[in-house]
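What follows is each chain in one-letter form.
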2 protein chains.
Amino acid sequence: MSATHTSVLATELPRPVPQTELDACPVSALFRRLGDRWSMLVIILLGGRTHRYNELHRAIEGISQRMLTRTLRTLEADGLVTRTVHPTVPPSVEYGLTDRGRSLLVPISALADWAVENQNPSGRCGT
Amino acid sequence: MSATHTSVLATELPRPVPQTELDACPVSALFRRLGDRWSMLVIILLGGRTHRYNELHRAIEGISQRMLTRTLRTLEADGLVTRTVHPTVPPSVEYGLTDRGRSLLVPISALADWAVENQNPSGRCGT
DNA sequence: CGGAATCCTTCCGGATACTG
DNA sequence: CAGTATCCGGAAGGATTCCG
């Protein structure tokens, strides 16, 4: 295919973003991933026990159906959350943490301890 | 002050968001706070040694001046980063971590270990 | 009950230009 | 050198409606 042409009309991108090693930082990527509005709250709630969809919806209080579904689906795709559909009528869907999800709770709780001691006062998670 | 009037032309907000206990979760708030595009990278870089402004600007490569300044100022306001102005000419500004900032690196590194083992392969931070 | 689809607003963050 | 000021596009996320 005409080899390495590097013509003036270059096909290469006009430097959209040089993230060659930006998101290569794993902990930065993880913070970005879980730093959205709801992911951490869902993980912490599911860390206690499994929850059904509407159970999460009421427990979090303020999340929209749209965002609850999106958050759960993304966490599932990341291998942190399990989704179990019970084919009853009406349907029942139960969410929980995977082994990886539970293993994440360990460093999370270390960070939580730091947050409680160093940041805002009166901190509870609503669990 | 005409007591609790609650007039029809109420001055109160139309329910902006019921975050009574949403951001009350300290670890969720911390993730939100550090889950932006640049904060973690800046913290990690400053964890190695102090840096001058343009030093950070070149090291991160992709951050705009606007966001670098904003990120540093917010981290400073949170008591995680120090800002030292040397009144030379041309001016020189040095950034570093506070004691609190360094203490944060401990639980961060635990999370970093988890991220390296469980998430994306080939992870380095560019330090 | 547990969503999906659509619309609409807010805000994060990049690009650019200028300054002490 | 170390910022500030302004403009602007895209992504995040809420509200509402409809569906199996």
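The structure this text deals with has already been given above.
Here the structure is a predicted model, which means the values were calculated and not measured.

Conventions and cut-offs
Residues numbered from 1 in each chain as written. Chains lettered and ligands numbered in written order. Predicted model: local features only at pLDDT ≥ 70, side-chain atom pairs only at ≥ 80, totals over all residues. Heavy atoms only, no water. Helix = DSSP H or I, 4+ residues; strand = E, 2+ residues; numbered from the N terminus. Contact = heavy atoms within 4.5 Å. Areas by Shrake-Rupley, 256 points an atom, 1.4 Å probe, with all protein chains shown as cover. Expected span 1.5 Å × (residues − 1). Bend = angle between axes of the 7 residues up to and from the residue. Buried < 20%, exposed > 50% of the residue type's maximum accessible area, 1.4 Å probe, protein only. Pairing = 2+ DSSP bridges. Near = heavy atom within 4 Å. Polar contact = N/O pair within 3.5 Å; in protein donor to acceptor, adjacent residues only side chain to side chain. Nonpolar A, V, L, I, M, F, W, Y, C, P; charged D, E, K, R; others polar.

*Asks:* Is there a simple way to think about the overall build of chain A in this case?
*Replies:* Tallying secondary structure elements over chain A gives five helices and three strands in all. Nonlocal contacts in chain A, meaning residues at least 24 apart in sequence, comprise 45% of its contacts between residues at least 6 apart. Counting only carbon and sulfur atoms, one obtains 54% of the accessible surface of chain A, whose full area is about 7700 Å².

*Asks:* Would you mind going over helix H5 (residues 99-118) of chain B with me for this structure?
*Replies:* Given 3.6 residues per helical turn, the α-helix brings residues three or four places apart onto the same face. With 20 residues, H5 of chain B extends 29 Å from end C-alpha to end C-alpha; this agrees with the ideal 28 Å at 1.5 Å per step. Of all the bends found along H5 of chain B, the most pronounced is centred on Pro107 of chain B and spans about 30°. Listed as buried for H5 of chain B are Gly101, Leu104, Pro107, Ile108, Leu111, Ala112, Trp114, Ala115 and Asn118 of chain B. Residues of H5 of chain B that are buried sit in contact with helix H1 (26-34) and helix H5 (99-118) of chain A together with helix H1 (26-34), helix H2 (39-48) and strand E3 (92-97) of chain B.

*Asks:* Mind showing me how you'd approach the side chain of Thr71 of chain A here?
*Replies:* Here Thr71 of chain A lies in helix H4 (residues 65-77). In this structure, Thr71 of chain A is in contact with Trp38, Ser39 and Val42 of chain A, ignoring residues within four places of it in sequence.

*Asks:* How should I be thinking about unusual backbone geometry in this particular structure?
*Replies:* All names here are of chain A. In the segment running from Val89 into Pro90, the intervening peptide bond is cis, with an omega of 5°. Within the secondary structure layout, Pro90 lies in the loop between strand E2 (81-86) and strand E3 (92-97). At Glu61, a residue that is not glycine, the phi angle is positive and equals roughly 55°. Relative to the helices and strands, Glu61 is located in the loop between helix H3 (53-60) and H4. The exposure class of Glu61 is partly exposed, given its relative accessible area of 45%.

*Asks:* Looking at this structure, how should I read the pairing of E2 of chain A?
*Replies:* Moving residue by residue along a regular strand, the side chains alternate between the two faces of the sheet. All names here are of chain A. Taken together, the six bridges between E2 and E3 define a ladder with antiparallel strand orientation. Opposite Val85, over in E3, you have Val93 as the bridge partner. In textbook terms, the turn of a hairpin is the stretch between consecutive antiparallel strands, and for E2 and E3 this stretch comprises five residues.

*Asks:* When you look at the side chain of Thr98 of chain A in this model, what are you seeing that I'm missing?
*Replies:* Tracing the chain through its elements places Thr98 of chain A in the loop between E3 and H5. In this view, Thr98 of chain A contacts Gly79, Leu80, Val81 and Thr82 of chain A; residues no more than four positions away in its chain are not counted.

*Asks:* Any chance you could explain the protein's contact with DNA strand C here in plain terms?
*Replies:* The local shell around DNA strand C holds 21 residues, among which Arg83 and Tyr95 of chain A together with Arg37, Arg66 and Met67 of chain B are the closest. A share of 62% is what sugar and phosphate atoms reach among the atoms of DNA strand C within 4 Å of the protein. Take Pro91 of chain A: an N or O atom from its main chain is 3.3 Å from a sugar or linking oxygen of DNA strand C. Every element with two or more residues in the surface near DNA strand C is listed here: H3, H4 and E3 of chain A together with helix H4 (65-77) of chain B. For the surface near DNA strand C, the element with the highest residue contribution is H4 of chain A, accounting for four residues. Among the residues making up the surface near DNA strand C, the classes are represented as eight nonpolar, six polar and seven charged.

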